[in-house]
Amino acid sequence: MKSFSDELKNGLVWLPALGMGYYPVPDDRHYNACYFDNYCALADTPMGRALTLARIQLVARHYTGPLLDVGIGAGQFVEARPNTQGYDVNPHGIEWLKSRGRWADLYAQHYRALSFWDALEHIDRPDVAVAKAEEWVFVSVPIFTGAEHLLRSRHYKPLEHIWYWSHDGLVRWFDGQGFDCIEHNTMETALGREGIGSYAFHRRT
């Protein structure tokens with residue numbers, strides 16, 4: 001029984017009824033210069049540029065105003081889309097944003113629109129984060145059919161990813177936060193990324 005209770009406290013928990021999983025990632029997370037540089041290398045490739053364009057196009061189909069990008073990677077989306085600021089917890093991402101006058105504090109105020117490209121799964125309290133959106137939330141996130149799929153996936157990252165969702169689980173979770181799913185597509189998977197869903201959620205009025 002000890003191993004069972006230890007796993008509940010320290011291992012992956014997947015709740016099929018919610019289509020959602022949780023892993024207690026340690027507080028000491030490796031968001032540093034190497035992490036930022038790795039994203040710079042990924043962004044400066046044909047796939048990286050195609051992903052940025054696809055994300056810009058997803059937003060543009062629904063919204064054209066100011067937006068805050070949460071978890072900027074290498075800053076490629078912030079740099080490529082006009083009227084876009086960024087928020088990050090990586091000191092190197094923060095420095096990059098501030099040097100360009102693009103920094104904004106997610107938790108200091110509300111924003112008309114937020115984007116989370118490969119970021120929502122990293123956030124301890126995603127409910128608090130998306131509550132800062134007044135109108136739109138745009139998301140790309142790994143999608144799983146269940147716990148077995150998750151455990152064999154390249155996106156199972158116990159040092160980084162706290163939250164895991166199925167498609168229905170993510171839509172249901174956003175519904176609980178007051179958002180309707182307006183668009184879902186697999187454009188990032190079509191571009192070569194395994195098992196990624198992209199979404200546009202709009203706050204119900």
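Our structure's up above, just so we're on the same page.
Treat the numbers as computed from the prediction; the structure is a model and nothing was measured.

### Section: the side chain of Arg55
Within the secondary structure, Arg55 sits in helix H3 (residues 46–60). Arg55 gets classed as buried once you look at its relative accessible area, which sits at 7%. In this structure, Arg55 is in contact with Phe77, Trp117, Asp118, Ser140, Met187, Glu188 and Arg193, ignoring residues within four places of it in sequence.

### Concerning unusual backbone geometry
Residues other than glycine predominantly adopt negative phi, and peptide bonds predominantly adopt the trans conformation. Backbone geometry at Asn83 places phi at a positive 60°, although glycine is not the residue there. Turning to its location among the elements, Asn83 is positioned in the loop between helix H4 (76–80) and strand E4 (84–87). What makes Asn83 partly exposed here is its relative accessible area of 49%. Residues other than glycine seldom take positive phi values, yet Asp118 does so here, at roughly 55°. Within the secondary structure, Asp118 sits in the loop between strand E5 (111–117) and helix H6 (126–130). Residue Asp118 is classed as buried on the basis of its relative accessible area of 14%.

### Side note on the layout of surface pockets
In this model, the largest pocket occupies a volume close to 1000 Å³. If you trace the largest pocket, you find 43 residues lining it, with Tyr35, Tyr39, Asp118, His122 and Arg193 closest to the centre. Per-element tally for the lining of the largest pocket: the top contributor is helix H2 (residues 33–43), with six residues. Each residue belonging to the lining of the largest pocket can be placed in one class, and the counts come to 18 nonpolar, 13 polar and 12 charged.

### Structural notes on the state of the cysteines
In the structure shown here, the tally under the stated rule is zero disulfides. The thiol of Cys34 is not disulfide-bonded; the next cysteine sulfur, from Cys40, is found 11 Å away. Cys34 gets classed as exposed once you look at its relative accessible area, which sits at 62%.

### Topic: the pairing of strand E9 (residues 196–203)
Burial within E9 is extensive, with six of its eight residues counted as buried. In this structure, strand E6 (residues 133–142) lies alongside E9, joined through seven bridges in antiparallel fashion. Among the inter-strand pairings, Ser140 is bridged to a residue of E9, identified as Ser198.

### Some remarks on the nonpolar core
Grouped together as the largest cluster of nonpolar side chains are 35 residues, with contacts concentrated most on Phe116, Val137, Leu170 and Phe174. Contributions of two or more residues to this core are made by strand E3 (67–70), E5, H6, E6, strand E7 (163–165), helix H8 (167–176) and E9. If you tally residues by element for this core, the top one is E6, at four residues. In this structure, Val137 is in contact with Leu114, Phe116, Val130, Phe174, Phe179, Tyr199, Ala200 and Phe201, ignoring residues within four places of it in sequence. Residues Val59, Leu67, Phe77 and Phe138 belong to the second largest nonpolar core, which totals 12 residues.

### Examining the sheet that holds E3
Within a sheet, each strand pairs with its neighbour through backbone hydrogen bonds, oriented either parallel or antiparallel. One open sheet holds the six strands; their spatial order is E4-E3-E5-E6-E9-E8, and the pairing between them is mixed. The open sheet is flanked by E4 and strand E8 (179–185), the only strands paired with a single partner. For this sheet, the mean angle separating the axes of adjacent strands, direction not counted, is 20°. Where E3 and E5 come together, two bridges link them in parallel fashion. Bridging across to E5, Asp69 finds its partner in Ser115. Docked against the sheet, H8 engages E6, E8 and E9, running at close to 20° with respect to E9.

### Some points on the sheet that holds E7
On the basis of which strands lie adjacent, the open sheet formed by three strands has the order E1-E2-E7 and antiparallel pairing. Two strands bound the open sheet, and with one partner strand each, they are strand E1 (13–15) and E7. Each neighbouring strand pair of the sheet contributes to a mean axis angle of 15°, computed without reference to strand direction. Here E1 runs beside strand E2 (residues 20–22); their pairing, made up of three bridges, is antiparallel.

Reading the values: the criteria
Residues numbered from 1 in each chain as written. Predicted model: local features only at pLDDT ≥ 70, side-chain atom pairs only at ≥ 80, totals over all residues. Heavy atoms only, no water. Helix = DSSP H or I, 4+ residues; strand = E, 2+ residues; numbered from the N terminus. Buried < 20%, exposed > 50% of the residue type's maximum accessible area, 1.4 Å probe, protein only. Contact = heavy atoms within 4.5 Å. 1 Å grid on protein atoms, 1.4 Å probe; cavity = no way out; pocket = protein on both sides within 12 Å on 5 of 7 lines; lining within 4 Å. Points joined across faces, edges and corners; volume = space filled by probe spheres on them. Nonpolar A, V, L, I, M, F, W, Y, C, P; charged D, E, K, R; others polar. Disulfide = S-S within 2.5 Å. Pairing = 2+ DSSP bridges. Core = buried A, V, L, I, M, F, W, Y, C linked by side-chain atoms within 4.5 Å. Axes fitted to C-alpha atoms, helices over the stretch in contact; angles between N-to-C directions.

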